[in-house]
Amino acid sequence: MVTSKNVGLAVPDWPTTFGYNMFLFPVSKWVGGILFEHTHRLLGSVVGLLTIVLAVWLWLSEDRRWVRNLGVIALAGVILQGILGGLRVTMMKDEIGIFHACIAQAFLGLLVVIALVTTNFWRTFATQSIDLQRFDRIKFLAFAITVSIYVQLALGATMRHEHRDLAILDFPTANGAWIPDTSAAVLAKINAWRDGHGLSSVTAFQVWLQMAHRFLALSIGIGVIAFCVRVRTDARDFNALKRLSALWVALVICQIALGAWVIWSNKAADVATAHVALGAVMLSFGVSISAICWRVMAASRREAHGGRAVPVTA
């Protein structure tokens, strides 16, 4: 919401807030853009505190070293995220804001993994019956889609920080065509029209950045549907994965619809924020599904290597 409302610098100093200790800033001054920016800082501090608790808790109670290490990585990530947030204010560089957004999504993905592997649900996957050769293709597709979603979120962050207005104002076409013309003469005409309507000028890079975002969205949508079909074909007894893949399809349809709504609403702040939030949910599903696939494949390979049959479960 801070970026959607363009209030990232509503509070010009850091780590203080208008000279106050961040946690002692008077509530009466939480107005306008300051409300969003200051609340963002406070919530960031809460997340940091909870991550410290999580890391210590894992280190003291978890017997798997790799899970304890994930807690340490999460702690390092949230510290880096806080520093980047502060540097974005003090240095006023959009590039830091883009990196800040990308680290946030990676941090979320890491927390999803930690949450998943510390459940009893995770342990049940060690006994899931699969066809190794067929399931390897499912796992590869899940990983490829998840990486694509992360790249898509990075593209979205770049668009949000690169240009305050929409570079392309129509959908599903782009400047009235399926493939936009970004020649100097056409861009000059477009920018003259935009200037007359109080919009900032665009460059060919900004137009093609948005087109890349659209093309990748289409590819991800096709990939998620293909993944769901493959799961139902090659892992029809894996009920948990079937349910997750069906929900993933529903999410990608909603996400594409929200992306279109962002354009049709001329980048309304609440719609744009919902689009980013659902993108994070899409990534969380991808990370969960990929982790589950990795778990099942690793357990099945150990069983195959040991010469023991893999038990069949519902």
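Refer to the structure above for everything that follows.
Residues numbered from 1 in each chain as written. Predicted model: local features only at pLDDT ≥ 70, side-chain atom pairs only at ≥ 80, totals over all residues. Heavy atoms only, no water.

Our next topic: the overall build of the chain. When its secondary structure is counted, the chain shows 9 helices and 0 strands. Each helix and strand of the chain, placed in order from N terminus to C terminus, yields the pattern α-α-α-α-α-α-α-α-α. Projected onto its principal axes, the C-alpha coordinates of the chain cover approximately 70 × 55 × 25 Å. For the chain, the computed accessible surface area is about 16500 Å², with 68% contributed by carbon and sulfur atoms. Within the chain, one finds 27 positive and 17 negative side-chain charges whose respective centroids are separated by 7 Å. (Helix = DSSP H or I, 4+ residues; strand = E, 2+ residues; numbered from the N terminus. Areas by Shrake-Rupley, 256 points an atom, 1.4 Å probe, with all protein chains shown as cover. Lys, Arg positive; Asp, Glu negative; His and termini not counted. Charge placed at Lys NZ, Arg CZ, Asp CG, Glu CD.)

Together, Leu 49, Ile 52, Val 53, Val 56, Trp 57, Trp 59, Leu 60 and Val 72 make up a nonpolar patch on the protein surface, roughly 870 Å² of accessible area in all. Looking at the nonpolar patch, the element that brings in the most residues is helix α1 (residues 32-61), giving 7 residues. Turning to its location among the elements, Leu 60 is positioned in helix α1. For Leu 60, a relative accessible area of 69% translates into the label exposed. (Patch = residues over 30% accessible without salt bridge, like charges linked within 9 Å, V, L, I, M, F, W, Y side chains within 5 Å. Salt bridge = Lys/Arg side-chain N within 4 Å of Asp/Glu carboxyl O. Buried < 20%, exposed > 50% of the residue type's maximum accessible area, 1.4 Å probe, protein only.)

Glancing now at the pattern of salt bridges. Under the defined criterion, the tally for this structure stands at 5 salt bridges. For Arg 41, the salt bridge identified is with Glu 37, shortest N-O distance 3.3 Å. With Arg 41 and Glu 37 both in helix α1, this residue pair falls 4 residues apart, about one helical turn. With respect to burial, Arg 41 and Glu 37 carry one shared label: buried. Where Glu 62 meets Arg 64, a salt bridge forms, and the shortest distance between an N and an O atom there is 2.7 Å. No difference in accessibility class separates Glu 62 from Arg 64, as the two residues are buried.

With that out of the way, let us pick up the nonpolar core. Ranked by internal contacts, the top residues of the largest apolar core, which has 55 residues, are Phe 135, Phe 227, Phe 238, Leu 241 and Trp 248. Among the elements of the structure, α2 (65-91), α3 (94-117), α5 (132-162), α7 (204-234), α8 (239-264) and α9 (269-305) are those that each provide at least two residues to this core. With 12 residues, α9 is the single largest residue contributor to this core. Setting aside residues no more than four positions away along its own chain, Phe 135 makes contact with Ile 130, Ala 235, Phe 238, Leu 241, Cys 293, Val 296 and Met 297. Formed by 8 residues, the second largest nonpolar core is a distinct cluster that contains Leu 187, Ile 190, Val 202 and Val 207. (Core = buried A, V, L, I, M, F, W, Y, C linked by side-chain atoms within 4.5 Å. Contact = heavy atoms within 4.5 Å.)

With respect to the helices and strands, the residue Ser 288 is situated in helix α9. By relative accessible area, which is 17% here, Ser 288 ends up buried. If near-sequence neighbours (up to four positions away) are discounted, Ser 288 is found in contact with Val 112 and Leu 116.

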